[in-house]
Amino acid sequence: MGDSLLEIENLTLHYGGSKILNGISMSAERGEVTCVMGTNGVGKTSLLKAISGTHPRSGGSYRLQGKEVDRANAHMLAQRGVAYVPQGREIFPFLTVRENLETGFACLPKQERHIPDEVFELFPILKEFLSRRGGDLSGGQQQQLAIARALITRPSLLLLDEPTEGIQPNIIKQIGEVIKLLRERGDMAIVLVEQFFDFAFELGDKFVVLERGQIKLDQPAARTERDVLHAAVSV
């Protein structure tokens, strides 16, 4: 176990009158990938939205690097080191790759507003395509761009929502390698929401399975048998 970068306790979240998350408690450690799993509609994306500040939580406590997070919005949390790569990527189709990357500057102080070399080491294709429009990239290249844009902010907590969805196998493999490299650096906690079981099982240091807005299973990979986890996420 590393040190808990993210700690949430008894977190609840509503959409209108519907309670989507009901008392979620979990942590994410530096140098680890915490995989959040479960069938469609159990609240996985809602959990990432609550952690990223894109949808306000209804209740519960939320600590980031040991400090309580009050009702912070997404911009404030980005300044505190939270980067969110949403499902569907949400890149800007009419901006170039360079301009898409530069949108990550918004939460950085002026002296840090440059694209780190590391981004192009992790995603070499983006260096070739800097002047190409985002909408002209393949789905897999757009996903690489979305993750690269998140890394521009130099996050301590990286939230990834279904990064393999609709992507060709060779790029899924590349994204897996990037996640491993980021984990090995040891300065970042990664929370990965993922439906592709084999991808998640290979990468996860800890598994959190949601069912109907509550936690059904939360345990380290070392104590998690593949068939037990598969059964837990398939119901």
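All values reported here derive from a predicted model rather than from experimental measurement.

### A short note on the sheet that holds strand 7 (residues 157-161)
- If you walk across this open sheet you meet the six strands as 6-7-8-3-9-10, and the pairing is mixed. The sheet is open, and its two borders are formed by strand 6 (82-85) and strand 10 (214-220), each paired with just one other strand. Here the average twist between neighbouring strands, direction ignored, is 15 degrees.
- Pairing of strand 9 (residues 206-211) with strand 10 involves six bridges; the strand directions are antiparallel. Considered in strand 10, the bridge of Leu210 is made with Ile215.
- In the packing of helix 1 (residues 44-52) onto the sheet, contacts are made with strand 3 (33-37), strand 6, strand 7, strand 8 (189-193) and strand 9, and the angle to strand 7 comes to roughly 150 degrees.
- Against the sheet, helix 7 (residues 169-185) contacts strand 3, strand 7 and strand 8, and its axis sits at roughly 150 degrees relative to strand 8.

### Here's the deal with helix 9 (residues 226-234)
- Among the residues making up helix 9, those that are buried are Leu229, Ala232 and Val233. Buried positions in helix 9, seen along its axis, are confined to an arc of 90 degrees and lie on one side of it.
- Among the structural elements, strand 3, helix 8 (197-203), strand 9 and strand 10 are those in contact with the buried residues of helix 9.

### Comments concerning unusual backbone geometry
- The backbone of Asn10 sits at a positive phi, close to 55 degrees, despite the residue not being glycine.
- Examined against the element boundaries, Asn10 turns out to sit in strand 1 (residues 4-15).
- With phi around 50 degrees, Arg212 is a residue other than glycine that occupies positive phi space.
- Structurally, the position occupied by Arg212 is in the loop between strand 9 and strand 10.
- When its relative accessible area of 70% is taken as the criterion, Arg212 is described as exposed.

### Describing the nonpolar core
- With 48 residues, the main nonpolar core has Met37, Leu101 and Leu158 as its most contacted residues.
- Of all the elements, helix 6 (residues 139-152) adds the most residues to this core, at seven residues.
- What Leu101 contacts, discounting residues up to four positions off in sequence, is Ile115, Phe120, Leu130, Leu145, Ala148, Arg149 and Ile152.

### Brief notes about the pairing of strand 8
- Taking burial as the measure, the five residues of strand 8 include five buried ones, the bulk of the element.
- Side chains Ala189, Val191 and Val193 of strand 8 all project onto a buried face; the interleaved residues Ile190 and Leu192 project onto the opposite face, where all are buried too.
- Where strand 3 and strand 8 come together, four bridges link them in parallel fashion. From the neighbouring strand, Cys35 faces strand 8, where its bridge partner is Leu192.
- In the sheet, strand 7 pairs with strand 8 via five bridges, with the strands oriented parallel. For Asp161, the partnering residue across the bridge sits in strand 8 and is Val193.
- Crossover handedness for the path strand 7 to helix 7 to strand 8: right-handed.

### Quick word on the sheet that holds strand 5 (residues 67-68)
- If you trace the four strands from one edge of the open sheet to the other, you get 2-1-4-5, paired in antiparallel fashion. Looking along the sheet, the strands with just one partner apiece sit at the ends: strand 2 (18-29) and strand 5.
- Set on the sheet, helix 1 makes contact with strand 1, strand 2 and strand 4 (59-64); between it and strand 1 the angle comes to about 115 degrees.

### Remarks on the layout of surface pockets
- In this structure, the largest pocket occupies an estimated 510 Å³ of space.
- Around the largest pocket, the lining comprises 21 residues; the ones closest to its centre are Ala78, Val82, Tyr84, Arg149 and Thr153.
- Those elements that provide at least two residues to the lining of the largest pocket are helix 2 (74-79), strand 6 and helix 6.
- Here the residues of the lining of the largest pocket sort into 13 nonpolar, six polar and two charged.

### Section: the packing of helix 6 against helix 7
- One can describe the packing of helix 6 onto helix 7 by two numbers: an axis separation of 10 Å at closest approach and a directional angle of 15 degrees. The orientation of helix 6 relative to helix 7 falls into the category roughly parallel. Here helix 6 and helix 7 pass one another in a crossing that is left-handed. Every residue of helix 7 that contacts helix 6 at Gly140, Gln141, Gln143, Gln144, Ile147 and Leu151 is listed here: Ile171, Gln174, Ile175 and Leu182.

What counts and how
- Residues numbered from 1 in each chain as written.
- Predicted model: local features only at pLDDT ≥ 70, side-chain atom pairs only at ≥ 80, totals over all residues.
- Heavy atoms only, no water.
- Pairing = 2+ DSSP bridges.
- Helix = DSSP H or I, 4+ residues; strand = E, 2+ residues; numbered from the N terminus.
- Axes fitted to C-alpha atoms, helices over the stretch in contact; angles between N-to-C directions.
- Contact = heavy atoms within 4.5 Å.
- Buried < 20%, exposed > 50% of the residue type's maximum accessible area, 1.4 Å probe, protein only.
- Arc of directions from axis to C-beta.
- Core = buried A, V, L, I, M, F, W, Y, C linked by side-chain atoms within 4.5 Å.
- Right-handed = clockwise from strand over helix to strand, strands pointing away.
- 1 Å grid on protein atoms, 1.4 Å probe; cavity = no way out; pocket = protein on both sides within 12 Å on 5 of 7 lines; lining within 4 Å.
- Points joined across faces, edges and corners; volume = space filled by probe spheres on them.
- Nonpolar A, V, L, I, M, F, W, Y, C, P; charged D, E, K, R; others polar.
- Parallel < 35°, antiparallel > 145°, perpendicular 65-115°, else oblique.
- Left-handed = near helix turned anticlockwise from the far one by under 90°.

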